[in-house]
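So you can see what is in the structure, the chains are spelled out below.
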Amino acid sequence: MTDQVAEKQVIPVDHVIIRFAGDSGDGMQLTGDRFTSETAGLGNDLSTLPDFPAEIRAPAGTLPGVSAFQLQFADHDIMTPGDRPDVLVAMNPAALKSNIGLLKPGGDLIVNTDEFTKRSLEKVGYSGNPLEDDSLSAYNVHPVGLTSMTVEALKEFPLSKKDAERAKNMFALGMLCWLYSRPTDGTRVFLKSKFGKNPDILGANIAALEAGWSFGETTEAFSVRYEVKPAPMKAGTYRNIHGNLALAYGLVAASDRSGLPIFLGTYPITPASDILHELSKLKKFGITTFQAEDEIAGVGAAIGASYGGSLGITTTSGPGVALKSEAIGLAVTLEIPLLIIDVQRGGPSTGLPTKTEQSDLLQAMFGRNGEAPVPIVAPQSPSDCFDAAIEAARIAVQYRTPVFLLSDGYLANGSEPWSIPDVDSLPTFEANFATELNHTNEDGTQEFWPYLRDAETLARPWAIPGTPGLEHRIGGIEKADGRGNISYDPDNHDKMVRLRQAKVDGIAASIAPLAVEDPDGDARVLIIGWGSTYGPIGAACRVARKNGVKVAQAHLRHLNPFPTNTAEVLRSYDRVIVPEMNLGQLALLLRGKFLVDAIGYNQVRGLPFTSDELVGVITNVASSL
Amino acid sequence: MTSIDLPFPALALVPKTDEKQSAKDFKSDQEVRWCPGCGDYSILSTVQGFMPELGLKKENIVFISGIGCSSRFPYYMNTYGLHSIHGRAPAIATGLAVTRPDLSVWVVTGDGDALSIGGNHLIHALRRNVNLKILLFNNRIYGLTKGQYSPTSETGKITKSTPQGSVDYSFNPVSLALGAEATFVARSVDSDRKHLSEVLRRAAAHEGTALVEILQNCNIFNDGAWEALKDNETGPQNVIRLEDGQPIRFGANGEKVVIRSKNGHIEVADAAAVSESDVIVYDSRTEDPGLAFAISRLSDSHSLTDTAIGVFRDVQRPSYDRLVREQMAEAAAGGPGDLQSLINGKDNWQIG
Ligand SMILES: Cc1ncc(C[n+]2csc(CCOP(=O)(O)OP(=O)(O)O)c2C)c(N)n1
Ligand code: SF4
Ligand SMILES: [Mg+2]
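Residues numbered from 1 in each chain as written. Chains lettered and ligands numbered in written order. Predicted model: local features only at pLDDT ≥ 70, side-chain atom pairs only at ≥ 80, totals over all residues. Heavy atoms only, no water.

Novice: Explain the overall build of chain A to me, using residue names and the numbers behind them.
Specialist: The secondary structure content of chain A amounts to 20 helices and 25 strands. For chain A, the C-alpha radius of gyration of 27 Å lies close to 25 Å, the compact-globule estimate for 625 residues. Dimensions of chain A along its principal axes, counting C-alpha atoms only, are 100 × 65 × 50 Å. In chain A, once contacts between residues fewer than 6 apart in sequence are set aside, the share between residues at least 24 apart is 76%. A total of about 23,400 Å² of accessible surface is found on chain A, and carbon and sulfur atoms cover 51% of it. Each charge class in chain A was averaged separately, 54 positive and 74 negative side chains, and the resulting centres sit 2 Å apart. (Helix = DSSP H or I, 4+ residues; strand = E, 2+ residues; numbered from the N terminus. Rg over C-alpha atoms; globule rule 2.2 N^0.38 Å. Contact = heavy atoms within 4.5 Å. Areas by Shrake-Rupley, 256 points an atom, 1.4 Å probe, with all protein chains shown as cover. Lys, Arg positive; Asp, Glu negative; His and termini not counted. Charge placed at Lys NZ, Arg CZ, Asp CG, Glu CD.)

Following this line, the structure appears as structure tokens:
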């Protein structure tokens, strides 16, 4: 920018982990998002993790009010937002206190010194100022008067001091963009579209962004800047995408590829609401969204829509699933398509609404009265939510069954670059509504039997109202095999229970076998997971292998039914490790089903695993052999 | 069968049949399993007899119910039918009605199903004004679970679960529906085929949610619950028949009238004591639900004196499903969505 300043030395690095932390009102999520966007545009691989408080605006400057955003970007492909940040940006004492423990020793700590007043320090229990004692000596501290410099930079603008201070996140962003050699063009475009109607605010934000950049260039606080080269990626068109958005788009794609209109019946709940928000904007895709009076009505309406020939979908989190259970059981016995999307969060009860967990697996698997099997599909990364949604819809439609899609808070709010697929390459599946009578009586007359099954899939006909001649009545009471009339016959019930189970078990025939990644092919330890732990497990396996530890990795997309070769895979290893963000739910299923002595590694801290801890687990198990 | 030339604007999008239908066409092959003498039989027969009037293709009619004796109803109708779970029929029917404007969707529910476990769904269906016709069979008891008191049972009711008498205060379904912003509210009686048919006719013609409370006798667990209204002698004394454009007059010889008293209250008065011009002339199409509500409150939940039947309210408000479809059409006005450009987004980049 300015040419008076001598160019500072640029140091190439292969990856960086940055954590922005500040008060909820400081705009850290926006700062993180913008930095991510600029980084994505440069072609780095990246992965992000927002970490926000459950309260919308906890009192300013307090520990519960701290909102953070972490991202890792690299010149090679990466799988997680990283364990411990190389750089921590702390906008106030609360942010410093709650995040400093994460920063790598020797890491860069950028602090907004203006907020380190006696009062704000006391508010979070600091007796002295950590910037003035030696408590931060393990880090490379860069004290920056972010607030005052922002206000100073904006003095030309007719803004109140408070409004000017608000732009300090743009100052921080400008500074970080300079430090890591990111452009700011995208952010300028973004600010224009956001504040276009308010020229003063727009001008102030851009000025703050530029001031932050210039500060980086001129200050002695930073002696070097860094550069991370683009990562080699397969050719294609890329974008950065969050899990919930990818999931919503996957549903739109499922509608497109099946020709079925989507009906979403739902009730707002963190962290699932964004799917409703997205889909409600997409009515031109023939999508109906219905914000119901409660979760039960949400799933009920979705069942009604499916009964009428739409793809009924309901989105929720764990507490909502609990409310929907009875209706899901109805869909099981009605044998109609239904998608139940559970974006899991910390439980039980209200638990940790904004934190991640994988503790609804057994609820999805067994949380209904009676023998009520429901297939379960789980995405493994934010962008994978797109494909997982299509797969769940395929099963629901082809097998006429409710299907659980188990995402979680980490996937929902995390983001990564996504190689955007060509729509024509996506799988198609058809509804094949019934239109004909399907049963011939002995006397030659014909009838419609709603529970006559397809020989291959065991799916029953989907005969929607409006189809002449196929009028029939079904419900939650047990139905006679084939004919579908009410039946209390003991043998018939036994048969129907087994048929419904066999249908769900039979889905295994339509899914890919479980793949194992074992570069050397001679590992004796298998680490197997499901859902969002894919990234941390994968990253841990890479490190372990670099350290000379042999380990094989498998990840389950389908949790019910399991792929047909699961038993074989599990039995091929001397040790099977199952890391989960619960107390061992998949491990219980694997033990019960395959009699394998699964070794659980379990954490329920509301946070994803660090790959570091998993390297430790793998190494320990491998060395015990 | 007399063919009646009533317009059914709410059914404008539902395909009509060319065939001449009769009640028999609406009888399914399933064996009816209510207790002999149950009021549900007469309701079923009236509904089957009424359906041909609509002139709709049978396959475009759907009955959805919850759980209870009353909720077995769909099995006996030779239309599409869904017997769902306790209390949730209005929610399920909402999903169907919103996505399928070509269907005539009917909900059958009981006093427990609609007002206990399903109370939330009922009030929200009513306020939204989804194009549904809800038939609430009120027998003031839980029939299917063998005789516990229900939300419409009168205080003090002795049942299996209230050996000392219920201490619950009861709901009046008509008052409740009016309070929930229902656009159509009516009450009829299981055994009065003519009256019930007339009410069904009005309900079917209404665009939006129509709630029809049907006073139904459970001869096993609550026999005679409505006897004070049905008995040849007491009935005329107690029943107020609301008829649009008519002064509200009842009693064996029309000796009772409904008036607005000097302090503004709605009251029953001795016809001889008031002038004809003070008698309220009823109009269910009045926007303000105040009068309808006040009349619903006249009824005494124990003695059943001054209980009105007929159409309490029938006003126009665009149905929820229509508004939803309008928004969808508006969104699609610039052409349907393009999936590829949606997922490409604006912020993307090329590699290779
Ligand atoms: C979730 C659930 N809770 C309880 C029941 C038991 N149950 C079935 S019907 C019913 C009450 C029915 O009363 P009402 O709606 O008045 O119908 P009626 O039998 O009187 O026609 C109850 C409590 C059930 N089937 N499901
Ligand atoms: S228990 Fe009562 S409501 Fe149920 S079928 Fe028998 S008489 Fe009818
Ligand atoms: Mg009842």
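Novice: Could you give an account of the site of ligand 2, naming the residues involved and the relevant values?
Specialist: Residues in close proximity to ligand 2 include Trp-34, Cys-35, Cys-38, Cys-69, Asn-139, Gln-216, Cys-218, Asn-219, Ile-220 and Phe-221 of chain B, which together make up its full environment. Residues belonging to the shell around ligand 2 are distributed by class as follows: seven nonpolar, three polar and no charged. (Near = heavy atom within 4 Å. Nonpolar A, V, L, I, M, F, W, Y, C, P; charged D, E, K, R; others polar.)

Novice: Explain the domain arrangement of chain A residue by residue, including any values.
Specialist: All names here are of chain A. By the assigned domains, chain A splits into domain 1 (9-227), domain 2 (239-425) and domain 3 (516-623). The C-alpha centroid of domain 3 is placed 26 Å from the C-alpha centroid of domain 2. Taken as a group, Gln-358, Leu-361 and Gln-380 account for 32% of the area that domain 2 buries against domain 3, more than any other trio of residues on that side. Taken together, the links from domain 2 to domain 3 amount to one salt bridge. Residue Asp-384 is joined to Arg-557 by a salt bridge in which the shortest nitrogen-to-oxygen separation is 2.6 Å. Here domain 2 and domain 3 share 14 residue pairs in polar contact (both at pLDDT 80 or more) between them. Among the elements of the structure, helix H13 (361-366), strand S14 (376-377), helix H14 (384-399), strand S15 (402-408) and helix H15 (409-413) are those that each provide at least two residues to the side of domain 2 that touches domain 3. Element by element, the count of residues in the side of domain 2 that touches domain 3 is highest for H14, at five residues. Residue composition of the side of domain 2 that touches domain 3, by class: 16 nonpolar, five polar and seven charged. (Domains from an automatic or database assignment. Buried area = accessible area lost by both parts, 1.4 Å probe. Salt bridge = Lys/Arg side-chain N within 4 Å of Asp/Glu carboxyl O. Polar contact = N/O pair within 3.5 Å; in protein donor to acceptor, adjacent residues only side chain to side chain.)

Novice: Please set out the pattern of salt bridges residue by residue, giving values where relevant.
Specialist: All names here are of chain A. Applying the stated rule across the entire model yields 41 salt bridges over all chains. A salt bridge links Asp-51 to Arg-19; the nearest nitrogen and oxygen atoms lie 3.1 Å apart. Here Asp-51, found in strand S3 (residues 45-51), pairs with Arg-19, found in strand S2 (residues 15-23); they are 32 residues apart in sequence, far enough to count as distant. Asp-51 gets classed as buried once you look at its relative accessible area, which sits at 16%. (Buried < 20%, exposed > 50% of the residue type's maximum accessible area, 1.4 Å probe, protein only.)

Novice: Describe the UniProt feature "domain: Thiamine pyrophosphate enzyme TPP-binding" (unreviewed entry) in chain B, and please don't skip the residues or the numbers.
Specialist: Under the local residue numbering, the UniProt record ascribes the feature "domain: Thiamine pyrophosphate enzyme TPP-binding" (unreviewed entry) to residues 67-214 of chain B. Within residues 67-214 of chain B, the helical portion is 32% and the strand portion 19%, while the C-alpha atoms at the span's ends are 17 Å from each other. (UniProt positions renumbered as here; feature names shortened; annotations may be inferred.)

Novice: Give me the lowdown on the sheet that holds strand S11 (residues 307-314) of chain B, citing residues and values where you can.
Specialist: With respect to topology, nine strands assemble into an open sheet ordered S19(A)-S2(B)-S1(B)-S3(B)-S4(B)-S6(B)-S5(B)-S11(B)-S7(B), the strand pairing being mixed. The outermost strands of the open sheet, each flanked by one partner alone, are strand S19 (473-475) of chain A together with strand S7 (239-241) of chain B. Across the sheet, the mean angle from the axis of one strand to that of its neighbour is 20°, orientation sign disregarded. Contacting S19 of chain A together with strand S2 (80-83) of chain B, helix H12 (residues 318-334) of chain A runs over the sheet at an angle of about 140° to S19 of chain A. (Pairing = 2+ DSSP bridges. Axes fitted to C-alpha atoms, helices over the stretch in contact; angles between N-to-C directions.)

Novice: Describe the coordination of the magnesium ion (ligand 3), listing the residues and the values that go with them.
Specialist: As a benchmark, a tetrahedral metal site with four donors has ideal angles of 109.5 degrees, while an octahedral site with six donors has ideal angles of 90 or 180 degrees. All names here are of chain B. Looking at the magnesium ion (ligand 3), the protein donor atoms are Asp-111 (OD), Asn-139 (OD1) and Ile-141 (O), and they sit 2.1 to 2.2 Å from it. Donor residues for the magnesium ion (ligand 3) sit on one chain with the sequence pattern D-x27-N-x1-I. Side by side, Asn-139 and Ile-141 carry an identical accessibility label, which is buried. (Donors = N, O, S within 2.8 Å, 3.2 Å for Na, K, Ca; no water.)

Novice: Summarise the site of ligand 1; cite the residues concerned and give the values.
Specialist: What surrounds ligand 1 is a group of 17 residues, the closest being Cys-69, Ser-70, Asp-111, Gly-112 and Asp-113 of chain B. Bordering ligand 1 are residues originating from chains A and B. In this structure, Cys-69 of chain B approaches ligand 1 through a main-chain N or O atom, which is 2.8 Å from an oxygen atom. The separation between an oxygen atom of ligand 1 and a polar side-chain atom of Asp-111 of chain B is 2.7 Å. Alone, ligand 1 offers 580 Å² of accessible surface; in the complex the protein occludes 77% of this. Of the residues forming the shell around ligand 1, the biggest block, four residues, is contributed by helix H3 (residues 111-117) of chain B. Of the residues contributing to the shell around ligand 1, the split by class is six nonpolar, eight polar and three charged.

Novice: I'd like to hear about the sheet that holds strand S25 (residues 599-602) of chain A, residue by residue, with values.
Specialist: Residues and elements named next belong to chain A. Strand order in the open sheet formed by five strands is S20-S22-S21-S24-S25, and the pairing between neighbours is mixed. Where the open sheet ends on each side, the last strands, each with one partner, are strand S20 (516-517) and S25. As judged from the four bridges shared by strand S24 (residues 575-580) and S25, these two strands associate in the parallel manner. Bridge pairing links Val-578 to Gly-600 in S25. Sitting on the sheet, helix H17 (residues 534-546) is in contact with S20, strand S21 (525-530), strand S22 (552-556) and S24, with an inclination near 175° to S22. Lying over the sheet, helix H19 (residues 585-594) contacts S21, S22 and S24, oriented at roughly 145° with respect to S24.

Novice: Can you lay out empty space enclosed by the protein for me, pointing to particular residues and giving the numbers?
Specialist: Residues and elements named next belong to chain A. Applying the stated criterion across every chain yields a total of four cavities of 30 Å³ or more. Volume-wise, the largest cavity comes out at about 100 Å³. Lining of the largest cavity is provided by 13 residues; of these, Leu-49, Pro-50, Thr-354, Lys-355 and Thr-356 occupy positions nearest its centre. Those elements giving two or more residues to the lining of the largest cavity turn out to be S3 and H15. Residue composition of the lining of the largest cavity, by class: six nonpolar, five polar and two charged. (1 Å grid on protein atoms, 1.4 Å probe; cavity = no way out; pocket = protein on both sides within 12 Å on 5 of 7 lines; lining within 4 Å. Points joined across faces, edges and corners; volume = space filled by probe spheres on them.)

Novice: Lay out the layout of surface pockets in plain terms, naming residues and giving numbers.
Specialist: Residue and element names in this part refer to chain A. Quantified by volume, the second largest pocket comes out at close to 1,300 Å³. Around the second largest pocket sit 50 residues that line it, and Met-79, Gln-380, Ser-381, Asp-384 and Tyr-534 are the ones nearest its centre. Those elements that provide at least two residues to the lining of the second largest pocket are S3, H14, H15, strand S16 (415-419), S20, H17 and S22. The element that contributes the greatest number of residues to the lining of the second largest pocket is H17, accounting for six residues. Of the residues in the lining of the second largest pocket, the class split is 23 nonpolar, 15 polar and 12 charged.

Novice: So what's going on with the side chain of His-555 of chain A? Which residues, and what values?
Specialist: Residues and elements named next belong to chain A. Take His-555: it is sitting in strand S22. Engagement of the side chain of His-555 in a polar contact is seen with the backbone oxygen of Gly-529, the distance being 3.5 Å. Looking at His-555, its side chain comes within polar contact range of the main-chain oxygen of Gly-531, at 2.8 Å. Residue contacts for His-555: discarding those within four places in its chain leaves Gln-380, Leu-514, Ala-515, Gly-529, Trp-530, Gly-531, Thr-533, Tyr-534 and Ile-537.

Novice: Tell me about the interface of chain B and chain A, and name the residues and values.
Specialist: Listed by partner, the interface residues are 57 residues for chain B and 69 residues for chain A. Roughly 5,100 Å² is buried in total at the junction of chain B and chain A, and carbon and sulfur atoms are behind 62% of that figure. Contact with chain A buries surface across chain B, with Tyr-80, Ile-343 and Trp-349 of chain B losing the most and accounting together for 16% of the total. Residues Glu-293 of chain A and Arg-128 of chain B are paired through a salt bridge, measuring 2.9 Å at the closest nitrogen-oxygen approach. One can count 27 residue pairs in polar contact (both at pLDDT 80 or more) joining chain B with chain A.

Novice: Describe the environment of Asp-33 of chain A, listing the residues and the values that go with them.
Specialist: Residue and element names in this part refer to chain A. Mapped onto the elements of the fold, Asp-33 is located in helix H1 (residues 28-41). Through-space distance from the C-alpha of Asp-33 to that of Thr-187 is 9.8 Å; in sequence the pair is 154 residues apart. Setting aside its immediate chain neighbours within four residues, Asp-33 contacts Phe-69 and His-242.

Novice: How would you sum up the packing of aromatic side chains? Please name residues and give values.
Specialist: Under the criterion given, the structure shown has 19 aromatic pairs over all chains. Where Phe-562 of chain A meets Phe-594 of chain A, the ring centres are 5.6 Å apart and the plane angle is 55°; that geometry is what we call tilted. Separated by 32 residues along the polypeptide, Phe-562 of chain A in the loop between strand S23 (558-560) and helix H18 (566-571) and Phe-594 of chain A in helix H19 bring together distant segments of the chain. Of the two residues, Phe-562 of chain A and Phe-594 of chain A, neither departs from the other in class, the shared state being buried. Members of the aromatic cluster, connected to one another through ring pairs, are Trp-34, Tyr-41, Phe-63, Phe-73, Tyr-76, Trp-106 and Phe-137 of chain B. Seen from the ring of Tyr-451 of chain A, Arg-460 of chain A lies directly overhead, with NZ or CZ sitting 4.5 Å from the centre. (Phe/Tyr/Trp six-rings, centres within 6.5 Å; stacked < 30°, edge-to-face > 60°. Lys NZ or Arg CZ within 6 Å of the ring centre and 35° of its normal.)

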